[in-house]
Amino acid sequence: MSAIANEITKIKSSLPATTRLIAVSKTKPVEDLQQAYDAGQRVFGENKALEMRDKHEVLPNDIQWHFIGHLQTNKIKYIISYVSLIHSIDSCNLLNEVNIAAAKKDRVVDCLLQFHIADEDTKYGLSFDEAQVLLNSPEYKAMNNIRIVGVMGMATFTDNQDQIRQEFRNLKSIFDRLKEQYFADNDSFKEISMGMSDDYPIAIEEGSTLIRVGSAIFGKRNYAV
Ligand SMILES: *Cc1c(COP(=O)(O)O)cnc(C)c1O
């Protein structure tokens, strides 16, 4: 078994039935993704639209592509016809542009609202108040080609496990409040995307349904992203 296959098998065997693994393959060559695919992995996460398009073109059709990075509106066109979940909706404008592009392809595209839960300025994401403004807006209510299925967040880059746990707990509580206020009758609003290579066991304990794991599967990345 390849090292990649090994890691995938190991991580998957540790997951509860309610949590799915996204293999974050950004910067990695298609040969690595193919190894993961051959080990049974079908869900991949990328953070650059052009890189995702190039990989999508050459890899098998039954892969589910999750977009996890900051999405510029002028790049939506490279992913909209096949992307299965966009994790990084952080403005009404971006959601609106995704809706317009999805309508042109006659699709309804699943999206997550990304929240700012870390104590770093550099990470994208909404506050709870901003999400309420978005969800109350007439623009949102008129969007027929997107579906919000949950929330996403990234914890602070720190060794402080208590802090990380607290931030994941905060995201879970944001999810619960949104569920109650806006999606109570909506079974598809169920995803909490949190947890990466270093912190996914904590994220699972705090209710993650989607973990985004890169370096623990594919090894360290060669350049900063
Ligand atoms: C790169 C990335 C990951 C995976 O990070 P690892 O530490 O390599 O597991 C997860 N989520 C997002 C948004 C990323 O950009």
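Structure report, in brief.

Cut-offs used in this document
- Residues numbered from 1 in each chain as written.
- Predicted model: local features only at pLDDT ≥ 70, side-chain atom pairs only at ≥ 80, totals over all residues.
- Heavy atoms only, no water.
- Helix = DSSP H or I, 4+ residues; strand = E, 2+ residues; numbered from the N terminus.
- Rg over C-alpha atoms; globule rule 2.2 N^0.38 Å.
- Contact = heavy atoms within 4.5 Å.
- Core = buried A, V, L, I, M, F, W, Y, C linked by side-chain atoms within 4.5 Å.
- Buried < 20%, exposed > 50% of the residue type's maximum accessible area, 1.4 Å probe, protein only.
- Axes fitted to C-alpha atoms, helices over the stretch in contact; angles between N-to-C directions.
- Parallel < 35°, antiparallel > 145°, perpendicular 65-115°, else oblique.
- Left-handed = near helix turned anticlockwise from the far one by under 90°.
- Nonpolar A, V, L, I, M, F, W, Y, C, P; charged D, E, K, R; others polar.
- Near = heavy atom within 4 Å.
- Polar contact = N/O pair within 3.5 Å; in protein donor to acceptor, adjacent residues only side chain to side chain.
- Areas by Shrake-Rupley, 256 points an atom, 1.4 Å probe, with all protein chains shown as cover.
- Arc of directions from axis to C-beta.
- Phe/Tyr/Trp six-rings, centres within 6.5 Å; stacked < 30°, edge-to-face > 60°.
- Lys NZ or Arg CZ within 6 Å of the ring centre and 35° of its normal.
- Pairing = 2+ DSSP bridges.

1. Focus: the overall build of the chain
Moving on, step 1. Looking only at helices and strands, the chain features nine helices and eight strands.
Moving on, step 2. In terms of overall dimensions, the chain is globule-like: its C-alpha atoms have a radius of gyration of 17 Å, near the 17 Å expected for 225 residues.
Moving on, step 3. Viewed in the frame of its principal axes, the chain has a C-alpha envelope of about 50 × 45 × 30 Å.
Moving on, step 4. Sequence-distant contacts, at least 24 apart, represent 59% of the contacts inside the chain between residues at least 6 apart.

2. Quick notes on the nonpolar core
Moving on, step 1. Ile-86, Val-98, Leu-113 and Phe-115 are the most contacted members of the largest nonpolar core, which has 63 residues in total.
Moving on, step 2. Ranked by the residues each element gives to this core, the list is headed by helix α7 (residues 161-182), at six residues.
Moving on, step 3. Residues within four places of Val-98 in sequence aside, it is in contact with Leu-71, Ile-76, Ile-80, Ile-86, Ile-89, Cys-111 and Ile-146.

3. Digging into the packing of helix α5 (residues 128-136) against α7
Moving on, step 1. The contact between α5 and α7 brings their axes to 12 Å, and the two run at 25°. One element, α5, and the other, α7, form an angle in the roughly parallel class. Seen from above, α5 lies across α7 with right-handed handedness. Of α7, the residues touching α5 (which contributes Phe-128, Gln-132, Leu-135 and Asn-136) are Ile-174, Arg-177, Leu-178, Gln-181 and Tyr-182.
Moving on, step 2. The class makeup of the residues in the contact of α5 with α7 is five nonpolar, three polar and one charged.

4. Quick word on the site of the ligand
Moving on, step 1. All residues in the neighbourhood of the ligand are listed as Val-24, Lys-26, Ile-68, Met-152, Met-154, Met-196, Ser-197, Arg-212, Val-213, Gly-214, Ser-215 and Arg-221.
Moving on, step 2. Here Lys-26 contributes a side-chain N or O atom positioned 2.6 Å from an oxygen atom of the ligand.
Moving on, step 3. At a separation of 2.8 Å, an oxygen atom of the ligand approaches a polar side-chain atom of Arg-221.
Moving on, step 4. Taken by itself the ligand offers 390 Å² of open surface, and the protein chains cover 91% of this.
Moving on, step 5. Residues belonging to the shell around the ligand are distributed by class as follows: six nonpolar, three polar and three charged.

5. Describing α5
Moving on, step 1. All buried positions along α5 are accounted for by Phe-128, Ala-131, Leu-134 and Leu-135. One side of α5 carries all its buried residues, which in axial view fall inside an arc of 120°. Those residues of α5 that are exposed and angled more than 90 degrees off the buried face are Asp-129 and Val-133.
Moving on, step 2. As for α5, its buried residues are in contact with α4 (92-104), β5 (109-115), α6 (138-141), β6 (146-153) and α7.

6. Looking at the packing of aromatic side chains
Moving on, step 1. Using the criterion set out here, one finds four aromatic pairs in the structure.
Moving on, step 2. Look at Phe-175 and Phe-189: their rings are 4.9 Å apart centre to centre, the planes differ by 5°, and that puts the pair in the stacked class. A residue pair is termed long-range when its members are at least 10 positions apart, and Phe-175 in helix α7 and Phe-189 in the loop between α7 and β7 (191-193) qualify at 14 residues. Across the pair, exposure class does not vary: Phe-175 and Phe-189 are buried alike.
Moving on, step 3. Site record: aromatic cluster; members linked through ring pairs are Phe-175, Tyr-182, Phe-183 and Phe-189.
Moving on, step 4. If you follow Arg-42 out to its NZ or CZ, it ends over the ring of Tyr-37, 3.5 Å from the centre.
Moving on, step 5. Positioned over the ring face of Phe-128 is Arg-177, at 4.3 Å from the centre of the ring.

7. Focus on unusual backbone geometry
Moving on, step 1. The backbone of Thr-27 shows a phi angle near 70°, a positive value even though the residue is not glycine.
Moving on, step 2. Secondary-structure assignment places Thr-27 in the loop between β1 (20-24) and α2 (30-38).

8. Digging into the side chain of Asn-145
Moving on, step 1. Counting through the fold element by element, Asn-145 comes out in the loop between α6 and β6.
Moving on, step 2. Non-local contacts of Asn-145, meaning those with residues more than four positions away in its chain, are made with Asn-99, Ala-102, Ala-103, Arg-107, Val-108 and Val-109.

9. Considering the pairing of strand β2 (residues 43-46)
Moving on, step 1. Burial along β2 is two-sided: Val-43 and Gly-45 and Phe-44 and Glu-46, pointing in opposite directions, are all buried.
Moving on, step 2. Relative to β2, β1 is paired through two bridges, and the arrangement is parallel. Of the residues in β2, the one forming a bridge with Val-24 is Gly-45.

10. Some words on the environment of Leu-135
Moving on, step 1. Examined against the element boundaries, Leu-135 turns out to sit in helix α5.
Moving on, step 2. Leu-135 gets classed as buried once you look at its relative accessible area, which sits at 2%.
Moving on, step 3. Between the C-alpha atom of Leu-135 and that of Tyr-182, which follows or precedes it by 47 residues, the distance is 7.7 Å.

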